[in-house]
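Listed below are the residues making up each chain.
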Amino acid sequence: AVVSTQSGHYGRDLMQDMYQRHLDGDETLKDLPEDEDPFWDPPCEVLIGTSSAFLQALGYGIDMDDPILVTDYKGEDQGQMFINISPCDETGKCMGEEYFVEDSTELLGKPYHYKVTIKSCEIRDSRFNVGSFIKYKLEGDEDYTITPTVSKSLSPEFNHSRVVKIEKVTQETLDYFENSCITFLLYGCQEDRESDVKLMKLTTKELRQREESSGNMKTNALTRQLTKNVVDESAALKTEILVLKRRNDILAKKEKRIQGIVTEWGKKPPEEQQFDPYHRAISAAAFNTGTMLKSAATVITQVIKAQKL
């Protein structure tokens, strides 16, 4: 919030006056209403941590449905998000496992839809049992998309979804899929509680030293950044492995299907081994997948044509 200079000076004067009264032993300060206390601010949401979902798989028509680690500004584990990002039609219906794009450039000039679904989250810190919500921003968004706040749970179920429509895929779109990610920000709500009397007696320096030494987790800015980089790189590599694995699985299924067709037609009597139906069956299996299978189908059909001649 922007505070005017006049308001800032007024607040400073109130603080100085209250501090002086405290030094003079003014006991009435203990009963001062919160709305008259310049040192008091209402509880506000706090950033618990962030998660990054890389979009490389979208360029190949593959969905992503793995838990994503939530890390705070120190790079420490604060929980997990369960998020699904998958290609879909304009109504939001997911394309399914059989949908696959061998070469992402096949999408150029075509409309494309994908669906972002935030299912749930696991939060480690019990302080944020009061409530939590997630917000994120996609390329081209001016404002954040924010989920409803879920209260009284460390395993909140958001069940939020959003369909993203791309009118026409361009090279910039493919570059965005290949190199970018969606960053999800997890926020926790707070409630006003009585302050710990022991902590109130500590100076700012002592409070900082206490926080840094807690659990022997003293870290510096470089270590935090390195930790965050490792987490992001791990997520990116995981997405790349997912893409390669899915591509391999789909190609293996298609190859098996072609082998089955070849075996089936090989067992037919000579009078039933007609070229046109066989060609259609092979083409249906091959031209819905990658270049390797297309090449295989082309070779097979050329051999059969040669035999017919």
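Residues numbered from 1 in each chain as written. Predicted model: local features only at pLDDT ≥ 70, side-chain atom pairs only at ≥ 80, totals over all residues. Heavy atoms only, no water.

1. Observations regarding the confidence of the model for the chain
Part 1: Summing up the model confidence of the chain, the mean pLDDT is 76 and the portion of residues at 70 or higher is 67%.
Part 2: Scored below 50 in pLDDT, residues 215-219 shows four contacts in the model against residues more than four places distant or in partner chains.
Part 3: Below a pLDDT of 50 lies the segment residues 289-297, which in the model reaches 16 contacts outside its immediate sequence neighbourhood of four places, other chains included. (pLDDT = per-residue confidence, 0-100. Contact = heavy atoms within 4.5 Å.)

2. Quick look at unusual backbone geometry
Part 1: Phi angles above zero are rare outside glycine, and Lys152 is one such case at about 55 degrees.
Part 2: Within the secondary structure layout, Lys152 lies in the loop between strand S7 (150-151) and strand S8 (157-166).
Part 3: By relative accessible area, Lys152 is classed as exposed at 60%.
Part 4: Within the chain, Asn159 stands out as a residue other than glycine whose phi angle is a positive 50 degrees.
Part 5: Along the polypeptide, Asn159 turns up in strand S8. (Helix = DSSP H or I, 4+ residues; strand = E, 2+ residues; numbered from the N terminus. Buried < 20%, exposed > 50% of the residue type's maximum accessible area, 1.4 Å probe, protein only.)

3. A short note on the side chain of Lys135
Part 1: Mapping Lys135 onto the fold places it in strand S5 (residues 131-136).
Part 2: The buried charged residue Lys135 lacks any salt bridge partner; its closest oppositely charged side chain belongs to Glu45, at an N-O distance of 6.5 Å.
Part 3: The residues contacting Lys135, other than those within four sequence positions of it, are Tyr144, Thr145, Ile146, Thr183, Phe184, Leu185 and Tyr187. (Lys, Arg positive; Asp, Glu negative; His and termini not counted. Salt bridge = Lys/Arg side-chain N within 4 Å of Asp/Glu carboxyl O.)

4. A word on the packing of aromatic side chains
Part 1: In the structure shown here, the tally under the stated rule is five aromatic pairs.
Part 2: With centroids separated by 5.6 Å and ring planes inclined at 50 degrees, the aromatic side chains of Tyr112 and Phe177 adopt a geometry described as tilted. Of this pair, Tyr112 sits in strand S4 (residues 112-123) while Phe177 sits in helix H2 (residues 171-179), and the two are 65 residues apart along the sequence. Like Phe177, Tyr112 is buried.
Part 3: Ring geometry for Phe133 against Tyr187: centres 5.3 Å apart, planes inclined by 5 degrees, an arrangement best described as stacked. In this pair, Phe133 sits in strand S5 while Tyr187 sits in strand S9 (residues 181-188), placing the two residues 54 residues apart along the sequence.
Part 4: Phe133 gets classed as buried once you look at its relative accessible area, which sits at 10%. (Phe/Tyr/Trp six-rings, centres within 6.5 Å; stacked < 30°, edge-to-face > 60°.)

5. Description of H2
Part 1: For H2, every residue scored as buried is listed here: Thr173, Leu174, Tyr176 and Phe177. Burial along H2 is one-sided: seen end-on, the buried residues are contained in an arc of 155 degrees. In H2, the exposed positions angled more than 90 degrees off the buried face are occupied by Glu172 and Asn179.
Part 2: Each element contacted by the buried residues of H2 is listed here: S4, S8 and S9. (Arc of directions from axis to C-beta.)

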